[in-house]
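Spelled out from the first residue to the last, the chains are:
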Amino acid sequence: MDKKILGIDRKDLVFIGRGVEGKVFLTPEGNALKVYRDPGRCKSEYKILKEMEDNPYFPKVIERKRRYMLREYVKGTPIREYIQKKGLSRDLALNLIEFTEVFEKLNIKVDGINKHIFIQEDESIKVVDPRRKKKYKIHRWVLITLKREGLIEYFLKVLEEERPDQVSKWSKDISKILKKRNKKY
């Protein structure tokens, strides 16, 4: 890395995580600086985030240059960890239903749902590391997470009461996922 990245001194960055694509640092201003291994991946993710600038599920992008992206830092707790600690409230179940509808309409994929979907204190949802991929069904990954935590039945009850128009879409996948009792996801 250079001495300065996007005008920020390297020595002022606090390391917060590493993934397949690179490293993430917290800046003194409280933003996230992601350093990508592949500049093409940086550009691709930047395009999605710029396109989704007004969408509440995504962090705001501040700047991008080559393999560096400065964006809003997403606070919160990864979805699985959140559900393990606090359970699944009716409001969070409804937020997950709406979230999956929006993402499927946008053809957006989230790689590693349990690491990249964050639940905020108010139970709203934020996503990091979005991708484009056709025919990706994010609701299946939500169901797998709920299965692991023993919450599919409660989720289905909320779905039936609040969004009966969505029951058939979710039910097909719930049946498949429940049959795979011994499979690790």
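The structure we're discussing is the one just above.
Anyway, here's the lowdown on the structure attached to this text. Predicted model only: the values in this text are computed from it and were never measured.

### Let's talk about unusual backbone geometry
So, point 1. Non-glycine residue Arg66 carries a positive phi angle of around 50 degrees.
So, point 2. Inspection of the secondary structure assignment puts Arg66 in the loop between strand 6 (61-65) and strand 7 (68-72).
So, point 3. One non-glycine residue, Glu123, lies in positive phi territory at about 70 degrees.

### Observations concerning the layout of surface pockets
So, point 1. Volume-wise, the largest pocket comes out at about 590 Å³.
So, point 2. The wall of the largest pocket is formed by 25 residues, among which Val24, Lys115, His116, Val128 and Asp129 lie closest to the centre.
So, point 3. A per-class count over the lining of the largest pocket returns 10 nonpolar, 6 polar and 9 charged.

### A short note on the packing of helix 6 (residues 152-162) against helix 7 (residues 167-179)
So, point 1. The N-to-C vectors of helix 6 and helix 7 enclose an angle of 170 degrees; their axes lie 11 Å apart at closest approach. Of the possible angle classes, the one that applies to helix 6 and helix 7 is roughly antiparallel. Mapping the contact onto sequence places Ile152, Glu153, Phe155, Leu156, Leu159 and Glu160 in helix 6 and Val167, Trp170, Ser171, Ile174, Ile177 and Leu178 in helix 7.
So, point 2. Residues belonging to the contact of helix 6 with helix 7 are distributed by class as follows: 9 nonpolar, 1 polar and 2 charged.

### Things to note about the sheet that holds strand 5 (residues 31-36)
So, point 1. Pairing in this open sheet of 5 strands is antiparallel, and the strands run 3-4-5-7-6 from one edge to the other. Strands with a single pairing partner mark the edges of an open sheet, and in this sheet they are strand 3 (14-18) and strand 6. Across the sheet, the mean angle from the axis of one strand to that of its neighbour is 20 degrees, orientation sign disregarded.
So, point 2. Pairing between strand 5 and strand 7: 5 bridges, direction antiparallel. Paired with Lys34 across the bridge in strand 7 is Met69.
So, point 3. Against the sheet, helix 1 (residues 39-51) engages strand 5, strand 6 and strand 7, with an angle of about 30 degrees to strand 7.

Basis of the calculations
- Residues numbered from 1 in each chain as written.
- Predicted model: local features only at pLDDT ≥ 70, side-chain atom pairs only at ≥ 80, totals over all residues.
- Heavy atoms only, no water.
- Helix = DSSP H or I, 4+ residues; strand = E, 2+ residues; numbered from the N terminus.
- 1 Å grid on protein atoms, 1.4 Å probe; cavity = no way out; pocket = protein on both sides within 12 Å on 5 of 7 lines; lining within 4 Å.
- Points joined across faces, edges and corners; volume = space filled by probe spheres on them.
- Nonpolar A, V, L, I, M, F, W, Y, C, P; charged D, E, K, R; others polar.
- Axes fitted to C-alpha atoms, helices over the stretch in contact; angles between N-to-C directions.
- Parallel < 35°, antiparallel > 145°, perpendicular 65-115°, else oblique.
- Contact = heavy atoms within 4.5 Å.
- Pairing = 2+ DSSP bridges.

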